[in-house]
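An overview of the molecular structure
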Amino acid sequence: MPARPSDTLTVGLAQIAPVWLNREATLAKIVTWIARAAAEGCGFVVFGEALAPGYPFWIEHTDGAVFDSDLQKEIHALYLDQALCIEAGHLQPVCEAAARHNIAVMLGTIERPLDRGGHSLYCSRVHIGADGIIASVHRKLQPTYEERLSWSPGDGHGLQTHALGPFTVGGLNCWENWMPLSRAALYALGEDLHVALWPGNKRNTEVTTQFLAREGRSYVLAVSGLMRREDVPPDSPVAAMLARCPDVMANGGSCIAAPDGSWVIPPHTEGEELLVATLDHRLVRRERQNLDLAGHYSRPDVTRLIVDRRRQRLADFIDGA
């Protein structure tokens, strides 16, 4: 039986490098790739973890755990300066591009939120609807290993899904995709299109993507960034610092797996690319016949999950009249 138009969604995985630690230039680049995805007929385009303004690759290679280091303080100050403050409107160009091209966008950012004082960093997944409105911001629950020297732990507020054509889409950052209860929260919300955002490297996406698709009986889009020595602007304040790092720090690995775990697009490591595929929701419905983790293959009378989606804040202020 041929697919009905109402059953399909064309998606684009924008595997690109940031203009590293340059917020405005990176967002401008993202806007051009949104336009490119729309021109390819995509209704949804996704970008890697921490893409704007970049992943903290320096920590692993520059003694990032040395306490009270002037070097680490200096680069962290630059990272804070170039991070995104959503309340300040930094994502407005991306929102306008989404609305202009009638395309939904999921983007990995480094967020500097005012509701947590404005001086700590969070690895945040942002979902922007085709109307240009920010639908959710999910702050990574648990930064991984050396990331904890730069990023703060998030909360459950952004564990949300969104309707997108025939699909219900959700997403997690990097190693959050290994957290079974976070996945379960999205399954409970009806997720059947999952986005796994990664900073890059085939070794991550090749291992997890097919497993996640097979477990959730969902399409899984694994989208990665790139990071090569050539991607560091020569006038960057940290160019000399990154000379200590490998020539290739992130080689991509973006890919798509179908609900039966088979590859729609296998991991791609050949530089910047827009990977485009048309997804057929009928494959989800076929695979849910024998496994539906939030439905007939669950036992909420025995085990169930409680998710606290309140945004965490240091203080609640109660003012009088």
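Above this text sits the structure in question.
Small disclaimer: the values here were computed from a predicted structure and weren't measured. Every chain is numbered independently, its residues counted from 1 as its sequence is written. Local features in this predicted model are restricted to residues of pLDDT 70 or higher, and side-chain atom pairs are both shown and tallied only at a pLDDT of 80 or more, whereas totals for entire chains, interfaces and linings draw on every residue. With hydrogens and water excluded, all non-hydrogen atoms of the structure serve as input to the side-chain values.

**Quick notes on helix H4 (residues 92-101)**
As a reminder, the rule being used: The buried label goes to any residue with under 20% of its type's maximum accessible area, the exposed label to any with over 50%, and the partly exposed label to all in between, with areas taken from a 1.4 Å probe on protein chains only. Runs of E in the DSSP output that reach at least two residues are strands. Runs of H or I that reach at least four are helices, and both are numbered from the N terminus. Regarding the arc, it is the one traced by the directions from the helix axis to the C-beta atoms.
Buried residues of H4: Val94, Cys95, Ala97 and Ala98, and no others. Buried residues of H4 fall within an arc of 160° about the axis and therefore sit on the same side. The first or second residue beyond H4 is Asn102, which carries a positive phi of 55°.

**What to know about the sheet that holds strand S9 (residues 219-224)**
Under the convention used in this document: Two strands are said to pair when DSSP picks up at least two bridges between them. In this analysis, axes come from line fits to C-alpha atoms, helices being fitted only over the stretch in contact, and the angle between any two N-to-C directions falls in the range 0 to 180 degrees. Pairs of residues are marked as contacts when any of their non-hydrogen atoms sit within 4.5 Å.
Strand order in the open sheet made by the six strands is S6-S7-S8-S9-S12-S13, with mixed pairing throughout. Strands at the two margins of the open sheet, each flanked by one partner only, are strand S6 (162-164) and strand S13 (263-268). Pairwise comparison of adjacent strand axes, ignoring direction, gives a mean angle of 25° for this sheet. Where S6 and strand S7 (residues 167-173) come together, three bridges link them in antiparallel fashion. Along S7, the bridge assignment pairs His162 with Val169. Contacts between helix H5 (residues 180-188) and the sheet are confined to S7 and strand S8 (193-198), with S7 contributing the most and set at about 160° to the helix. Against the sheet, helix H6 (residues 202-216) engages S8, S9, strand S12 (254-257) and S13, with an angle of about 165° to S13.

**Examining a nonpolar patch on the surface**
Our working rule: Patch membership requires more than 30% relative accessible area and the absence of a salt bridge. Residues of like charge join within 9 Å; the nonpolar side chains Val, Leu, Ile, Met, Phe, Trp and Tyr join within 5 Å. Surface accessibility in these figures is a Shrake-Rupley result with a 1.4 Å probe; residues are shielded only by whichever protein chains are displayed. Any Lys or Arg side-chain nitrogen found within 4 Å of a carboxyl oxygen on Asp or Glu counts as a salt bridge.
A grouping of Trp175, Trp178, Val207 and Phe211 is seen on the molecular surface, where their side chains present a nonpolar patch of about 420 Å² in accessible area. Position of Trp178 among the secondary structure elements: in the loop between S7 and H5. On the basis of relative accessible area, Trp178 is assigned to the partly exposed category, the value being 40%.

**A closer look at the packing of aromatic side chains**
Stated formally: In summary, the pairing rule links any two rings of Phe, Tyr or Trp, Trp by its six-membered ring, whose centres are within 6.5 Å, and it sorts them by plane angle into stacked for under 30 degrees, edge-to-face for over 60 and tilted for everything else. Two limits define a charge over a ring: the Lys NZ or Arg CZ must be within 6 Å of the ring centre, and within 35 degrees of the ring normal.
All told, the structure shown has five aromatic pairs when counted by the stated rule. What links up through ring pairs into an aromatic cluster is the set Trp20, Trp58 and Tyr79. In this structure, Arg36 is placed above the aromatic ring of Trp33, and the distance from its NZ or CZ to the ring centre is 4.5 Å. Sitting above the plane of the Tyr122 ring, Arg139 keeps its charged end 5.4 Å from the centroid.

**Let's talk about the nonpolar core**
The following threshold applies: Among buried residues, the Ala, Val, Leu, Ile, Met, Phe, Trp, Tyr and Cys ones that are joined through side-chain atoms within 4.5 Å form a nonpolar core.
Membership of the largest hydrophobic core comes to 26 residues, with the highest contact counts inside it found for Ile30, Ile34, Val45, Phe47, Leu91, Val94 and Val105. Secondary structure elements with two or more residues in this core: helix H1 (23-39), H4, strand S3 (104-111) and strand S4 (122-128). Ranked by residues supplied to this core, first place goes to H1 with six residues. Residues contacting Val105, with those up to four places away along its chain left out, are Ile34, Phe44, Val45, Phe47, Val94, Ala98, Val126, His127 and Ile128. Tyr55, Leu78, Leu121 and Ala250 belong to the second largest nonpolar core, which has 24 residues in total.

Distances and angles like these do not, on their own, reveal function.
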